[in-house]
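As a plain string of letters, each chain reads:
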Amino acid sequence: MSDPSKTNLITLTRHVFQDQVEHYKEASGDLTLLLTAIQLGCKFVASNVRKASLISMTGLANSSNIQGEEQKKLDVIANEIFVNALRSSNKVAVMVSEEDEEAIFVETQYRGKYCVVFDPLDGSSNIDCGVSIGTIFGIYKVRDDSEGEIADVLRPGSEMVAAGYCTYGSCSTLVLTTGKGVNGYTLDTEIGEFILTHPNIQIPSRGKIYAVNEGNSKYWDAACTKYFHSLKFPVEPKKPYSARYVGSMVADVHRTMLYGGIFCYPADSKSKNGKLRILYECFPMAFLVEQAGGRATTGRKRMLDVHPETIHSRSPIFLGSKEDVEDIEAFYRAEA
Ligand code: P6P
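Here the residue index of a chain counts from 1 through its sequence in written order. Two thresholds apply to this predicted model, a pLDDT of at least 70 for residue-level local features and 80 or more for giving and counting side-chain atom pairs, whereas whole-chain, interface and lining totals are computed over all residues. The side-chain figures draw on all heavy atoms in the structure; neither hydrogens nor water molecules are used.

Labelled according to an unreviewed UniProt entry, the protein chain appears under the name Fructose-1,6-bisphosphatase, originating from Mortierella polycephala. According to the UniProt record, the Catalytic activity (unreviewed entry) comment for the protein chain is "beta-D-fructose 1,6-bisphosphate + H2O = beta-D-fructose 6-phosphate + phosphate". UniProt positions are given in the numbering used here, feature names are shortened, and annotations may be inferred rather than shown by experiment. Database annotation for the protein chain, UniProt heading Sequence similarities (unreviewed entry): "Belongs to the FBPase class 1 family."

Structure representation (structure tokens):
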């Protein structure tokens, strides 16, 4: 008998469909089909990222996005790939992309019942030097009696029905939750399928790694300054934490999901609301982390309880091992 793990491949689509049959008997299968479109986007981006330098896809696209950031060629390509894949899935009513100033409302004949918020190529400043980058997405179902409007996406993250990210690095791993735990699927480029490699991801209750841009230390508030000092100069016999910071949220969060510890992008005197966008960076990562047994906060409030004012609103975020995030929350309470 040959090795069943080699002859009984559990693809993402099969796994999500199994989950749907077991847990969502009344489901139509629309979410499974929507996730197929997202997988196509991730596979296409993975292929383009891998050969970017070979097909002169690095460098600037001589354009900038809503954030005023210079767009890299791959940013533009990735965004178009996802918008086209999502529209042609016939499962989407509203799309919000980091790369587009306005929300996209799908025309009636292609419209479905889901809203997808996404960052098609997060960490794009790392493209030219080959450091890991990724895609982040979150999915809402349109509210009852809605055909798809902006109010369907300006909702707390706690109302998302699915979220995920895909890393583009030494391998491409798609990490996904549909509300029943977190699973990771690694792309087998030879057969073009995401294969289950990280079933039921659970974040350790406490880690030994912290991730923050220390270059902003000058601008931190008192709670952050005291918290990070406590990690570097702990009271004996505790040992100092290790610092790891890629500068690509998907890479830093993926390491935190697997190894534990804490990822932080605080608000500070330079960035009053922090840098990361609520809808398509903070919410999806917070949903995944909570589903893996971790915790995600703004410092003062559960991240998923935040109500975004605009589609590109920003928030401070601290996420990862439950006990590590509870520590930073205690420092904020002490400074209140
Ligand atoms: P900084 C990348 O540009 C990004 O949006 C996230 O992927 C990453 O966590 C953060 O910004 C890095 O920002 O200010 O530390 O370079």
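Visitor: Lay out the overall build of the protein chain with the relevant residues and their values.
Guide: Numbering goes from the N terminus for both helices and strands, where a helix is a DSSP run of H or I of at least four residues and a strand is a run of E of at least two. Scanning the protein chain from N- to C-terminus turns up 8 helices and 15 strands. Computed over C-alpha atoms, the radius of gyration of the protein chain comes to 20 Å, within 12% of the 20 Å expected from 2.2 N^0.38 for 336 residues, which places it in the range of a compact globule. Its C-alpha atoms put the protein chain at 60 × 55 × 45 Å along the principal axes. For the protein chain, buried positions account for 54% of its 336 residues. When the accessible area of the protein chain is evaluated, it comes to approximately 15100 Å², of which 51% is carbon and sulfur surface. Within this scheme the basic residues Lys and Arg register as positive and the acidic residues Asp and Glu register as negative, but His and the chain ends are omitted. Charge coordinates come from a single atom per side chain, which is NZ of Lys, CZ of Arg, CG of Asp or CD of Glu. Looking at charge distribution, the protein chain has the averaged site of its 36 positive side-chain charges lying 5 Å from that of its 42 negative ones. When we talk radius of gyration, it's over C-alpha atoms, and the globule rule is simply 2.2 Å times the number of residues to the 0.38. For the exposure calls, accessible area comes from a 1.4 Å probe over protein chains only, and a residue counts as buried if that area is under 20% of its type's maximum, exposed if over 50%, partly exposed in between. Only the protein chains shown count as cover for residues, with accessible areas throughout obtained via the Shrake-Rupley method and a probe of 1.4 Å.

Visitor: Residues and numbers for helix α8 (residues 322-335), please.
Guide: Given a helix with a known number of residues, its expected span is that number minus one, times 1.5 Å. In this model α8 runs 20 Å from its N-terminal to its C-terminal C-alpha over 14 residues, within 8% of the 20 Å that 1.5 Å per residue would give. Along α8, the positions that sit buried rather than exposed are Asp 324, Val 325, Ile 328, Glu 329 and Tyr 332. The buried residues of α8 occupy an angular sector of 140 degrees when projected down its axis, which confines them to one face. Along α8, the residues that are exposed and aim more than 90 degrees away from the buried face are Arg 333 and Ala 334. A contact between two residues is defined here by any heavy atoms of the two lying within 4.5 Å. Residues of α8 that are buried make contact with α5 (222-232), β13 (262-265), β14 (295-297) and β15 (317-320). The arc in question is the one spanned by the directions pointing from the helix axis to the C-beta atoms.

Visitor: Give a description of the pattern of salt bridges that names residues and reports values.
Guide: We define a salt bridge as a contact between a side-chain nitrogen of Lys or Arg and a carboxyl oxygen of Asp or Glu at a distance within 4 Å. Summed over all chains, the structure comprises 19 salt bridges. Note that Glu 159 and Arg 155 form a salt bridge whose closest N and O atoms lie 2.7 Å from each other. According to the relative accessible area criterion, Arg 155 is buried, its value standing at 10%. A salt bridge links Asp 252 to Arg 255; its shortest N-O distance comes to 3.0 Å. Pair noted here: Asp 252 and Arg 255 are both in helix α6 (residues 249-259), with a separation of 3 residues, about one helical turn. Taken together, the salt bridges that share partners define one network made up of Arg 206, Glu 323, Asp 324 and Asp 327.

Visitor: Explain the confidence of the model for the protein chain to me, and be specific about the residues and the numbers.
Guide: The predicted coordinates should not be examined in detail at positions where pLDDT is low. Scored by pLDDT, the protein chain has a mean of 93; 93% of the residues are at 70 or more. What the predictor reports for the complex is a pTM of 0.94 with an ipTM of 0.97. Confidence of the prediction at every residue is given by pLDDT, a number between 0 and 100.

Visitor: Account for the packing of aromatic side chains, naming residues and giving values.
Guide: For any pair of aromatic rings, the description consists of the separation of the ring centres together with the inter-plane angle of the planes. Note on aromatic pairs: the rings of Phe, Tyr and Trp (six-membered ring only in Trp) are paired at centre separations within 6.5 Å, and the planes decide the class, stacked below 30 degrees, edge-to-face beyond 60, tilted for the rest. Across all of its chains, the model carries 6 aromatic pairs by this definition. Both rings, one in Tyr 210 and one in Phe 228, keep their centres 5.8 Å apart while their planes meet at 40 degrees; by these two values the pair is tilted. Taken as a pair, Tyr 210 in strand β11 (residues 209-211) and Phe 228 in helix α5 lie far apart in primary sequence, 18 residues in all. Across the pair, Phe 228 and Tyr 210 agree in class, each one buried. Here the aromatic residues Tyr 210, Trp 220, Tyr 227, Phe 228 and Phe 331 are joined through ring pairs into a cluster of three or more.

Visitor: Any chance you could break down the UniProt feature "domain: Fructose-1-6-bisphosphatase class 1 C-terminal" (unreviewed entry) in the protein chain for me, citing the residues and the numbers?
Guide: The sites that UniProt annotates as "domain: Fructose-1-6-bisphosphatase class 1 C-terminal" (unreviewed entry) are residues 203-332. End C-alpha atoms of residues 203-332 are separated by 23 Å, and the span's content is 36% helix alongside 12% strand.

Visitor: Give me the lowdown on the site of the ligand, citing residues and values where you can.
Guide: We define proximity as follows: a residue is near a molecule or strand when any one of its heavy atoms falls within 4 Å of that partner. The environment of the ligand is formed by 13 residues, the closest being Asp 122, Asn 213, Tyr 245, Met 249 and Tyr 265. By the criterion applied in these results, polar contacts are pairs of N or O atoms within 3.5 Å in which, for protein atoms, one can donate a hydrogen and the other can accept it, and in which residues neighboring in sequence qualify only through two side-chain atoms. Contact between the ligand and Met 249: an oxygen atom at 2.8 Å from a main-chain N or O atom of the residue. Relative to its unbound accessible area of 400 Å², the ligand is 82% covered by the protein chains. Taken together, the residues of the shell around the ligand sort by class into 5 nonpolar, 4 polar and 4 charged. Under the scheme applied, nonpolar residues are Ala, Val, Leu, Ile, Met, Phe, Trp, Tyr, Cys and Pro; charged residues are Asp, Glu, Lys and Arg; polar residues are all the others, including Gly.

Visitor: Outline the environment of Val 116, supporting the account with residue identities and numerical values.
Guide: Mapped onto the elements of the fold, Val 116 is located in strand β5 (residues 114-122). On the accessibility criterion, Val 116 (1% relative accessible area) is buried. Considering only alpha carbons, one finds Val 116 and Ile 139, 23 residues apart in sequence, at a separation of 4.7 Å. If near-sequence neighbours (up to four positions away) are discounted, Val 116 is found in contact with Leu 34, Leu 86, Val 92, Val 94, Met 95, Val 96, Gly 138 and Ile 139.

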